[in-house]
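Fold and contact review
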Amino acid sequence: MRVQPRHVHTHTRRALPSVLRQTAEPLLVARGTVSPASVRGVASLSRANTNSIPPAEPWRRHPSSDPETPTVFTFYEKDTSTWQYIVVDPRTSEAVIIDPVLDYDPASGVLSTATADGLVSFVEHNGLKVIRILETHAHADHLTAAQYFKQELNGDVPVCIGRRIKQVQETFAPIYGLELSSLENVFDVYLGDNEEFKLGSLSCHVLHLPGHTPDHVGFVIGKAVFTGDSIFNPDVGSARADFPGGNVETLYASMQRLLSLPGDYRLYVGHDYPQNRDQTCFSTVAEQRAKNRHVKEGTDATTFIQWRKDRDAVLGAPRLLHPSLQVNIRAGRLPPPDGHGRVFLRTPVKLDVKLE
Ligand SMILES: [Fe+2]
């Protein structure tokens, strides 16, 4: 099935920043910083000068190699080791943004848009027409800036995610005391398996890549493949598969699906955790087959599956687990404010003693 974005438009910067008011889930952010007015997390705004935000400098520009493949601009967010991508059809300047990051300091409760603002400026300075904001999955280690981008791009760029996000929402809504009904239609497009959509003159194919999370999808555009956390660079290997709905066997199958693509396809990853090297955003399928430390050719599936399960059993929770999930299953919106305009994020507490 082919689904076209609801709106295609040319992005223009707003004269003034605005606060997102959408459905019953208000309050994302004006450009700048949302900081707590008290230790309990009451949001207040200190706005950046919107005219002075320089465009983010891409770590690399990967020019289109053939008429089917986009130009890829890569941006590394160091605090969460996340790769963000702006993917462009060079013939039309249409673009998609993949997995943008919203900055969050959990100790202070400060939410800011410094990273996202740089990308918005980059879009503006390069005259790009953003047609979709794509999420590979509901991230558990960083907050998505998808809703902020939508706001800054005049509110009509669809935020897209794999259709099984509903499964993730069903899992996590009760954990955070949310009504499932409050999460209906918070995303604009729910992507089906093998769905195709256009990016200018290019075709984007949606791959369901479950395992790390059940909703996980990748995007194949020509020879550029955006894998999210379904595979990592060869010396990093693979992502954990122990979140609710994750599955090691399924992750292995998804990795094999990626490794079955043609050898010169580039696998752009969702994170990188370099040790003794610079960060890097992709390896080719051939490089992954030869070198991936967890699943290179000749690796026994049973060995990988047992190793991954043993490894996951001793991993701690991601630093931003709870803030990330509460915001990301809302497509990047904050929880509604209380009667005093205060916004709170919840942390479930597990007790192994009786404590009154
Ligand atoms: Fe992830």
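Scroll up to find the structure this text is about.
Below is a summary of the structure that appears in this document. All figures in this text were calculated on a predicted structure; none of them were measured in a lab. (Residues numbered from 1 in each chain as written. Predicted model: local features only at pLDDT ≥ 70, side-chain atom pairs only at ≥ 80, totals over all residues. Heavy atoms only, no water.)

**Some points on the coordination of the iron ion**
Looking at the metal site, the iron ion is ligated by His137 (NE2), His212 (NE2) and Asp229 (OD), spaced 2.0 to 2.4 Å from it. Taken in sequence order, the residues that donate to the iron ion follow the motif H-x74-H-x16-D. In this pair, His137 sits in the loop between β9 (129-134) and β10 (143-144) while Asp229 sits in the loop between β16 (224-228) and α4 (248-259), placing the two residues 92 residues apart along the sequence. Overall, Asp229 belongs to the buried group, its relative accessible area being 3%. (Donors = N, O, S within 2.8 Å, 3.2 Å for Na, K, Ca; no water. Helix = DSSP H or I, 4+ residues; strand = E, 2+ residues; numbered from the N terminus. Buried < 20%, exposed > 50% of the residue type's maximum accessible area, 1.4 Å probe, protein only.)

**Points about the packing of aromatic side chains**
All told, the structure shown has 13 aromatic pairs when counted by the stated rule. Residues Phe232 and Tyr273 carry aromatic rings whose centres are separated by 5.7 Å and whose planes lie at 75 degrees to one another, so their mutual orientation is edge-to-face. Of this pair, Phe232 sits in the loop between β16 and α4 while Tyr273 sits in the loop between β17 (266-269) and β18 (282-284); the two residues are 41 residues apart in sequence, bridging distant segments of the chain. The class for Phe232 is buried, based on a relative accessible area of 4%. Taking 5.7 Å as the distance between ring centres and 35 degrees as the angle between the ring planes, the aromatic pair formed by Tyr252 and Phe304 counts as tilted. (Phe/Tyr/Trp six-rings, centres within 6.5 Å; stacked < 30°, edge-to-face > 60°.)

**Observations regarding unusual backbone geometry**
Within the chain, Ser81 stands out as a residue other than glycine whose phi angle is a positive 55 degrees. When you line up the elements, Ser81 lands in the loop between β4 (71-77) and β5 (82-88). Located in the positive-phi region is Asp99, a residue other than glycine, with phi close to 55 degrees. Mapped onto the elements of the fold, Asp99 is located in the loop between β6 (94-98) and β7 (101-105).

**A look at the side chain of Asp117**
Relative to the helices and strands, Asp117 resides in helix α1 (residues 114-125). A polar contact is formed between the side chain of Asp117 and the side chain of Tyr148, at a distance of 2.4 Å. (Polar contact = N/O pair within 3.5 Å; in protein donor to acceptor, adjacent residues only side chain to side chain.)

**Digging into the packing of α4 against helix α6 (residues 301-313)**
Running from N to C, α4 and α6 cross one another at 125 degrees; their axes reach a closest spacing of 9 Å. Between α4 and α6, the angle is such that the two are oblique. The hand of the α4/α6 crossing is right-handed. Contacts between α4 and α6 involve Val248, Glu249, Leu251, Tyr252 and Met255 from the first element and Ala301, Phe304, Ile305, Arg308, Lys309 and Asp312 from the second. The residue inventory of the contact of α4 with α6, partitioned by class, reads seven nonpolar, no polar and four charged. (Axes fitted to C-alpha atoms, helices over the stretch in contact; angles between N-to-C directions. Parallel < 35°, antiparallel > 145°, perpendicular 65-115°, else oblique. Left-handed = near helix turned anticlockwise from the far one by under 90°. Contact = heavy atoms within 4.5 Å. Nonpolar A, V, L, I, M, F, W, Y, C, P; charged D, E, K, R; others polar.)

**As for the sheet that holds β4**
Overall, mixed pairing links the seven strands, which are arranged β3-β4-β5-β6-β9-β11-β12 in an open sheet. Across the chains shown, the open sheet's two edge strands, defined by having one partner strand only, are β3 (60-62) and β12 (189-191). In this sheet, adjacent strand axes meet at a mean angle of 25 degrees when their direction is disregarded. With four bridges joining them, β5 and β6 adopt antiparallel strand pairing. Bridging across to β6, Tyr85 finds its partner in Ile98. In the packing of α1 onto the sheet, contacts are made with β4, β5, β6 and β9, and the angle to β5 comes to roughly 15 degrees. (Pairing = 2+ DSSP bridges.)

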